[in-house]
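# Structural characterization, general
The residues making up each chain are set out below.
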Amino acid sequence: GAVVSQHPSRVICKSGTSVKIECRSLDFQATTMFWYRQFPKQSLMLMATSNEGSKATYEQGVEKDKFLINHASLTLSTLTVTSAHPEDSSFYICSSKGKNIQYFGAGTRLSVL
Amino acid sequence: DAKTTQPTSMDCAEGRAANLPCNHSTISGNEYVYWYRQIHSQGPQYIIHGLKNNETNEMASLIITEDRKSSTLILPHATLRDTAVYYCIVRSLIKAAGNKLTFGGGTRVLVKP
C-alpha cells in the first residue's frame, strides 16, 4: 500500500488563484519531507525541504513566497502555489524520508489556464 | 553536478533479464547507491539500495563493483509493466549532508513483447 499519500492527483485552476497540495506520511512520522517539481520530458527537480516545526529550506531559484510550505505535524506537509500562472503548470511530487529510504507520493498534476 | 552516469535509453525483451548500468566514479565512502523507477505520470518508486555488498529483494538485484565506481541493477524477468525511467542515485546517509535525493536523467527502459 501507499506509504505517502498526496492529494489532489490533478488540479486545473485559473491564472491568479492559489492551489494547495497535501502530502501525508502514512506509515511513519516524518520530520523531513521534500517537494519536487517535474516538467514534461525532464527529471525531478528538488524545490524545497520541509522540516516539521520550522521553516522550509528552498533550493536556489525557487521563490519561497510563491511556493508556501507548511509542515505543521509529523505526518502532513502542504505546498501552496500562490497566484498560479501557466508557467507553474507542472507535476508536483512530495516525498517523505524514512529511516534509510525516501518514499514518494503519486504526484499532483497542476494545470493553470 | 552529475554524480551518476546512465545510458539514456535501452530496450529489453519481455521475460528476459534487464541489466541497467550506472557509473558513479566519484562516489565517496559514506554514499549509498539507490535505484528508483518512475512509471509514466506516477511518483518515483523505490527499488533497492546498497553500500558495497550486492543486494537482492523481491524486485531486483543490485551488483556493486568492488571499487564501488559502478553498479548494475538487474531485473531478473522483465515484464511490460517494468517499462519506466530508472534512476541511479548516490546519497549520503549522514545527516549533515542533507540526505537529499538528486535525480539525474535516468535510463528510459522499454520492455518489448
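What counts and what doesn't
- Residues numbered from 1 in each chain as written.
- Chains lettered and ligands numbered in written order.
- Predicted model: local features only at pLDDT ≥ 70, side-chain atom pairs only at ≥ 80, totals over all residues.
- Heavy atoms only, no water.
- Helix = DSSP H or I, 4+ residues; strand = E, 2+ residues; numbered from the N terminus.
- Rg over C-alpha atoms; globule rule 2.2 N^0.38 Å.
- Buried < 20%, exposed > 50% of the residue type's maximum accessible area, 1.4 Å probe, protein only.
- Contact = heavy atoms within 4.5 Å.
- Salt bridge = Lys/Arg side-chain N within 4 Å of Asp/Glu carboxyl O.
- Pairing = 2+ DSSP bridges.
- Axes fitted to C-alpha atoms, helices over the stretch in contact; angles between N-to-C directions.

### Describing the overall build of chain A
Summing up its helical and strand segments, chain A has zero helices and 11 strands in all. Helices (α) and strands (β) of chain A occur, in sequence order from the N terminus, as β-β-β-β-β-β-β-β-β-β-β. Over its C-alpha atoms chain A spans a radius of gyration of 13 Å, differing by no more than 12% from the 13 Å that the globule rule assigns to 113 residues. For chain A, the C-alpha atoms occupy an extent of roughly 40 × 30 × 20 Å along the three principal directions. Relative to its full complement of 113 residues, chain A shows a buried share of 51%. Counted over contacts in chain A with a minimum sequence separation of 6, partners at least 24 positions apart contribute 51%.

### Structural notes on the pattern of salt bridges
Residues and elements named next belong to chain B. All told, the structure shown has five salt bridges over all chains when counted by the stated rule. K3 serves as the salt-bridge partner of E31, at 2.4 Å between the closest nitrogen and oxygen. One end of the pair, E31, is in strand β3 (residues 31-38); the other, K3, is in the segment before β1 (9-13), and 28 residues separate them in sequence.

### Concerning the sheet that holds strand β7 (residues 67-73) of chain A
Residues and elements named next belong to chain A. With respect to topology, four strands assemble into an open sheet ordered β1-β3-β8-β7, the strand pairing being antiparallel. The open sheet has two edge strands with one neighbour each: β1 (4-7) and β7. Going across the sheet, the axis of each strand differs from the next one's by a mean of 15°, ignoring polarity.

### Overview of unusual backbone geometry
Residue P8 of chain A is reached from H7 of chain A by a cis peptide bond, and omega for that bond is 0°. Phi is positive for R68 of chain B, which is not a glycine, with a value near 65°. Along the chain, the position of R68 of chain B falls in the loop between β6 (61-64) and β7 (70-75). Accessibility expressed as a relative area gives 12% for R68 of chain B, which makes it buried.

### Details of the sheet that holds β3 of chain B
Residues and elements named next belong to chain B. Spatially, five strands are ordered β1-β9-β8-β3-β4 in an open sheet, and the strand pairing comes out mixed. Of all the strands in the sheet, the pair left with one neighbour each is β1 and β4 (45-50). Sheet twist, expressed as the mean angle between neighbouring strand axes with direction ignored, is 25°. Pairing geometry for β1 and strand β9 (residues 107-112), over five bridges, is parallel. Bridge pairing in β9 links D11 to L110.

Honestly, that's just the spatial picture; any functional story needs more than this.
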